[in-house]
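What follows is each chain in one-letter form.
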Protein chains: 2
Amino acid sequence: LIHVAIVAGGSGTRFWPKSRANLPKQFLRFGAGAPLLAETFARTRLVAPAARTWVVTAAAHVARVRELLPELPADQVVGEPAARDTAPAVGLAATLIAARDPDAVVLICPADHRIVPSERFAAAARAAEELLARHPDRIVVFGIRPTGPATGYGYVEQGAPLGDFARLPVFDVTAFHEKPPEAKAREYVASGRFLWNAGLFAFRARTLLDELARQMPKLRAGLDELAQSIGTSRFGAELARLFPTFERKSLDHGVMERARARAVVVPDYAWDDVGSFLALARGQPPDADGNVVVGAGLALDAHGNVVDAGDGLVALIGVEDLVVVHTGDVTLVCRRDRCEDVKKLIELARARGFDRHL
Amino acid sequence: LIHVAIVAGGSGTRFWPKSRANLPKQFLRFGAGAPLLAETFARTRLVAPAARTWVVTAAAHVARVRELLPELPADQVVGEPAARDTAPAVGLAATLIAARDPDAVVLICPADHRIVPSERFAAAARAAEELLARHPDRIVVFGIRPTGPATGYGYVEQGAPLGDFARLPVFDVTAFHEKPPEAKAREYVASGRFLWNAGLFAFRARTLLDELARQMPKLRAGLDELAQSIGTSRFGAELARLFPTFERKSLDHGVMERARARAVVVPDYAWDDVGSFLALARGQPPDADGNVVVGAGLALDAHGNVVDAGDGLVALIGVEDLVVVHTGDVTLVCRRDRCEDVKKLIELARARGFDRHL
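The present account deals with the structure reproduced in this document. Worth saying up front: this structure is predicted, and the values here are computed from it rather than measured.

1. Considerations on the relation of the copies chain A and chain B
With an axial shift of 0.1 Å and an RMSD of 0.1 Å, the rotation relating chain A to chain B amounts to 180 degrees. On the angle and the small slide along the axis, the relation comes out as a two-fold axis. Identified as the residue of chain A closest to the rotation axis by C-alpha distance is Gly 328 of chain A, at 2.3 Å. Interface overlap between copies is the fraction of interface residues in one copy that are interface residues in the other; for chain A against chain B it reaches 100%, indicating a shared surface.

The following block contains the structure:
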């Protein structure tokens, strides 16, 4: 059976001031929809019932996740006592799911991406399931056909075709590549053989645990120790004791780059990792002046701006190509092509002692 | 004796969203100081004690004025039941003061200008007093020596010198001129004989009432009727009944343009009518990046901006020559040279039904 594990560990500093230390991106609404995590949860209902859905999130956000997703069994929302990147988070999910069913197929989903339509997402999950029925030991990654030479994603280099599954093409994987410089990204895209690594994976629970035993044996040993307390009153204490000892590593670095058997499914849905405020502009059409306004906005001779007014009102006069984000206590005004620098700004804010606004 | 009448009737729409329908400009702080009305009140303490100081304001703002200026006798804060421009407001002040002392010198001060240093303001008031001792029937206007061809002020054309009073030059007045087009303003300034009408006046109470009898007889009759209730419990009801019947007219149009005997004192203080957010930039020196920030601000590669962060934080990335004003519910982002258009924006906001933000 397939289980869904939603990884909701992000801090979302790129969305400050809309996101905060205690309100990361996965809890935010972008445009008219539900918070991204709730959208993700709704989408995964087409793949597995709530009884087989898990969320791994920061310990501080467990209560908020349970409140947002009341259908989810409470013990399937697991709080990481410390941030350790995705390898420990995914290992934890695999350990919990394996305790129920070692042969379960685990679908790992980031909590904070946009995927439309949901039916095509379900089809991609079905493709992974069918592939794993035929090739049970592979680890599957979802690879997005690039629309440009993005330098913000890792790339998956496709190998020989493995056939179509659920009408989607699936390939062997030749290599995982880190985020490239732009020239390299152009080569990747021109080759037609490179796909964006969108952070969606599928594997049998036992396959991932085997790879951890081989590639991250300390993590695997810790997870085995933790597994002994699953279903007991000791679990929380054991998690708090063991998890912070795990090495901080991404699943890509820790497992995927050297995994023994891999495959890449190429979905046909529209994907947006909601990487900056410009994602707002992709989420809805601009008005007649080329402004994209989420919430209440007023524009006088203003063009090409992206506005998130929160619960308030943003008024623009004579300005162009800005991103303006209003919250009750903070306003961000950023040139549209400088959104990446919000992270730098947060460092500056911290250095200046504006922590209460972070 | 000299009485001070502070006219605090402004709606301050040019300062939206910092100013609101129920929080006009005179109640706002610009930079580090006290609210403009409190600064004005403090300044006029050098001219007359609180016992001889009056504030005429909108009825809706009486409580706020009393709270802001607790030293002021409560019955010297008078609320206009309707907005009728400055002629009725000044007539009301003159009527109230004349009831105590018809020979009193009345100094009319707008509530929302900046004047520094206060000692030079006191000297200008003294000049007016000394002039009125010599020429008791004149109405004195304070005329600011222009620093450029401003089109936003009325101009006072000076006539023959009347001598120096309190070491300040005083002239006869040839004419009052309305806000001119720019070409005309250039002529005015080039002539050296034109001064900005800064809205500060001094006169004996009886002189103004005589001019009203001559030029605005209906207003004068109404004020006389009102005067009968001064000091009685009927005053509030009479004010509410009579004031709304007064003609809406400025003191300039209603009295000054055709007054029989006028004089202009040329003060030597620095004057700023705080006409737009750019006044913030005149109130404090810019930082190394040329940004003027009131409140908490962060700037990354941002230059030449004027920021009022209110109680919050404004963060700028890569933007230039903007005015950014943050309040809890509204953010305004305006090109620096478009501040005058805030009024248009408010009309737009009203048309769009955003009244709760106005």
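What follows continues from the structure just given.
2. Overview of the nonpolar core
One finds Leu 107, Val 140, Phe 142 and Tyr 269 of chain B to be the most contacted residues of the largest nonpolar core, which totals 51 residues. Residue contributions to this core peak at eight residues, all from helix α4 (residues 118-134) of chain B. With near-sequence residues (within four places) excluded, Tyr 269 of chain B lies in contact with Ile 115, Val 116, Pro 117, Arg 120, Phe 121, Ala 124, Phe 142, Ile 144 and Leu 200 of chain B. Membership of the second largest hydrophobic core comes to 50 residues, among which are Leu 72, Ala 111, Ala 125 and Tyr 269 of chain A.

3. As for the interface of chain A and chain B
The interface is formed by 39 residues belonging to chain A together with 39 residues belonging to chain B. Considering only the side of chain A, the residues that lose the most area to chain B are Leu 298, Leu 313 and Ile 317 of chain A, jointly responsible for 22% of the buried surface there. Counting across the chain A and chain B interface gives two salt bridges. There are 19 residue pairs in polar contact (both at pLDDT 80 or more) connecting chain A and chain B.

4. Quick look at helix α7 (residues 217-227) of chain A
All names here are of chain A. Every buried residue of α7 is accounted for by Leu 219, Arg 220, Gly 222, Leu 223 and Leu 226. With its buried residues spanning 160 degrees around the axis, α7 presents them on a single face. Residues of α7 that are buried make contact with α3 (86-100), α6 (205-215) and α8 (235-242).

5. Section: the environment of Gly 163 of chain A
Residue and element names in this part refer to chain A. Note on placement: Gly 163 falls in strand β7 (residues 155-165). In sequence terms Gly 163 and Leu 131 are 32 residues apart; their C-alpha atoms lie 9.2 Å from each other. When near neighbours in sequence (up to four residues on either side) are disregarded, Gly 163 contacts Leu 168, Pro 169 and Val 170.

6. What to know about the packing of α7 of chain A against α8 of chain A
Residue and element names in this part refer to chain A. The N-to-C vectors of α7 and α8 enclose an angle of 165 degrees; their axes lie 9 Å apart at closest approach. Classified by the angle their axes make, α7 and α8 are roughly antiparallel. Once α7 is placed against α8, the crossing between them reads as right-handed. Between α7 and α8, the residues in contact are Gly 222, Glu 225 and Leu 226 and Phe 235, Glu 238, Leu 239, Arg 241 and Leu 242, respectively. Here the contact of α7 with α8 is composed, by residue class, of four nonpolar, one polar and three charged.

What counts, and where the lines are drawn
Residues numbered from 1 in each chain as written. Chains lettered and ligands numbered in written order. Predicted model: local features only at pLDDT ≥ 70, side-chain atom pairs only at ≥ 80, totals over all residues. Heavy atoms only, no water. Least-squares fit on C-alpha atoms with pLDDT ≥ 70 in both. Contact = heavy atoms within 4.5 Å. Core = buried A, V, L, I, M, F, W, Y, C linked by side-chain atoms within 4.5 Å. Buried < 20%, exposed > 50% of the residue type's maximum accessible area, 1.4 Å probe, protein only. Helix = DSSP H or I, 4+ residues; strand = E, 2+ residues; numbered from the N terminus. Buried area = accessible area lost by both parts, 1.4 Å probe. Salt bridge = Lys/Arg side-chain N within 4 Å of Asp/Glu carboxyl O. Polar contact = N/O pair within 3.5 Å; in protein donor to acceptor, adjacent residues only side chain to side chain. Arc of directions from axis to C-beta. Axes fitted to C-alpha atoms, helices over the stretch in contact; angles between N-to-C directions. Parallel < 35°, antiparallel > 145°, perpendicular 65-115°, else oblique. Left-handed = near helix turned anticlockwise from the far one by under 90°. Nonpolar A, V, L, I, M, F, W, Y, C, P; charged D, E, K, R; others polar.

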